[in-house]
Amino acid sequence: MNDSNSIAQRLATIREEIPPTVKLVAISKGATIEQMREAYAAGQRDFGESRIQATIEKQAALADLPDICWHLIGQLQSNKVRKAVQMFDVIHSVDSLKLCQQIDRIAGELGKSPQAFLQVKMLPDPQKSGWSEAELLIDLPEINKCEFVKIDGLMSIAPLGLSKQELVCLFTSVRDLQNKVNKCNFLSINLKHLSMGMSQDYQLAVAAGSSIIRVGSKIFAYQEKIIK
Ligand SMILES: *Cc1c(COP(=O)(O)O)cnc(C)c1O
């Protein structure tokens, strides 16, 4: 592997493109342990995984690196909530009131207060879960009753195949929703973060106000997808 195409080099390139206030989460669901160690050696500490079982194995293999911050980005089934609360520092994929309440109850039992983001779907997308804006506004008063889970952001995944303009529109609509929710002044819901932007669209997401980008293939693989 030559240096200009190393994981360290690709991480550096991305970091140069984003303000220091934006958190880069390295999505390692497709990465090997060796690749994750390479990213770690280059200073990367935030890693995102989509599956519980794979994360159990990776956490065991990387147990000598105790300061990794683990992010869950994949859909969470209710029978795995306890494991998820034990294993992850941040849950990006809270996609229903029921799941939110379950995470909260288990966090209370375990004496934990995980950071969590509400996953929203600003455009209809049958492949993705999450709240529409209207659905979220209805559920907010109940979400606000959660005591242990720290709800402080929105997460969004852009549907495949959007144009640049459509992506800008989508990311801006998530930021607008963040402002709208914050204006409601709920005691337990203070949305400081926007988790949006992946390998092919993180520059647009950051320009629209994203504070956390989730980048996988651009760090760990060579092939790049192209925005239409
Ligand atoms: C896989 C995944 C990513 C990373 O996608 P890339 O295109 O590889 O950067 C980000 N967010 C979620 C929710 C994912 O599932």
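All figures in this text were calculated on a predicted structure; none of them were measured in a lab.

Criteria and cut-off values
Residues numbered from 1 in each chain as written. Predicted model: local features only at pLDDT ≥ 70, side-chain atom pairs only at ≥ 80, totals over all residues. Heavy atoms only, no water. Near = heavy atom within 4 Å. Polar contact = N/O pair within 3.5 Å; in protein donor to acceptor, adjacent residues only side chain to side chain. Areas by Shrake-Rupley, 256 points an atom, 1.4 Å probe, with all protein chains shown as cover. Nonpolar A, V, L, I, M, F, W, Y, C, P; charged D, E, K, R; others polar. Core = buried A, V, L, I, M, F, W, Y, C linked by side-chain atoms within 4.5 Å. Buried < 20%, exposed > 50% of the residue type's maximum accessible area, 1.4 Å probe, protein only. Contact = heavy atoms within 4.5 Å. Helix = DSSP H or I, 4+ residues; strand = E, 2+ residues; numbered from the N terminus. pLDDT = per-residue confidence, 0-100. Pairing = 2+ DSSP bridges. Right-handed = clockwise from strand over helix to strand, strands pointing away.

Quick word on the site of the ligand
So, step 1. In the vicinity of the ligand, 11 residues are found, and the nearest of them are Lys-29, Ser-199, Arg-214, Gly-216 and Ser-217.
So, step 2. Contact distances for the ligand include 2.7 Å between an oxygen atom and a side-chain N or O atom of Lys-29.
So, step 3. The contact in question runs from an oxygen atom of the ligand to an N or O atom on the backbone of Gly-216, over 2.8 Å.
So, step 4. Relative to its unbound accessible area of 390 Å², the ligand is 88% covered by the protein chains.
So, step 5. Along the lines of polarity and charge, the residues of the shell around the ligand split into 5 nonpolar, 3 polar and 3 charged.

Things to note about the nonpolar core
So, step 1. Counting residues in each nonpolar core, the largest one holds 65 residues, and the members touching the most others are Leu-136 and Ile-143.
So, step 2. Not counting residues up to four positions away in its chain, the partners in contact with Leu-136 are Leu-118, Val-120, Trp-131, Ile-143, Leu-154, Leu-177 and Val-181.
So, step 3. Membership of the second largest hydrophobic core comes to 8 residues, among which are Val-25, Ile-27, Cys-69 and Val-90.

Describing the environment of Gly-197
So, step 1. Locating Gly-197 in the fold gives a position in the loop between strand S7 (189–195) and helix H8 (202–207).
So, step 2. On the basis of relative accessible area, Gly-197 is assigned to the buried category, the value being 2%.
So, step 3. Taking the C-alpha atoms as reference points, Gly-197 and Ala-208, 11 residues apart in sequence, are found 9.8 Å from one another.
So, step 4. In this view, Gly-197 contacts Phe-171, Tyr-202, Ala-205, Ile-213 and Arg-214; residues no more than four positions away in its chain are not counted.

Re the confidence of the model for the protein chain
So, step 1. Across the protein chain, the average pLDDT comes to 94, with 95% of residues at or above 70.
So, step 2. Overall, residues 222–228 carries pLDDT values under 50, and its contacts beyond four positions in sequence, including any with other chains, amount to 18 contacts.

A look at the pairing of strand S2 (residues 46–49)
So, step 1. Of the two faces of S2, the one holding Asp-46 and Gly-48 and the one holding Phe-47 and Glu-49 are both buried throughout.
So, step 2. Where strand S1 (residues 23–27) and S2 come together, 2 bridges link them in parallel fashion. Note that in S2 the partner of Ile-27 across the bridge is Gly-48.
So, step 3. In this fold, the crossover linking S1 to S2 by way of helix H2 (residues 33–41) has right-handed handedness.
So, step 4. In this sheet, strand S3 (residues 69–72) lies alongside S2 in parallel orientation, the contact comprising 4 bridges.

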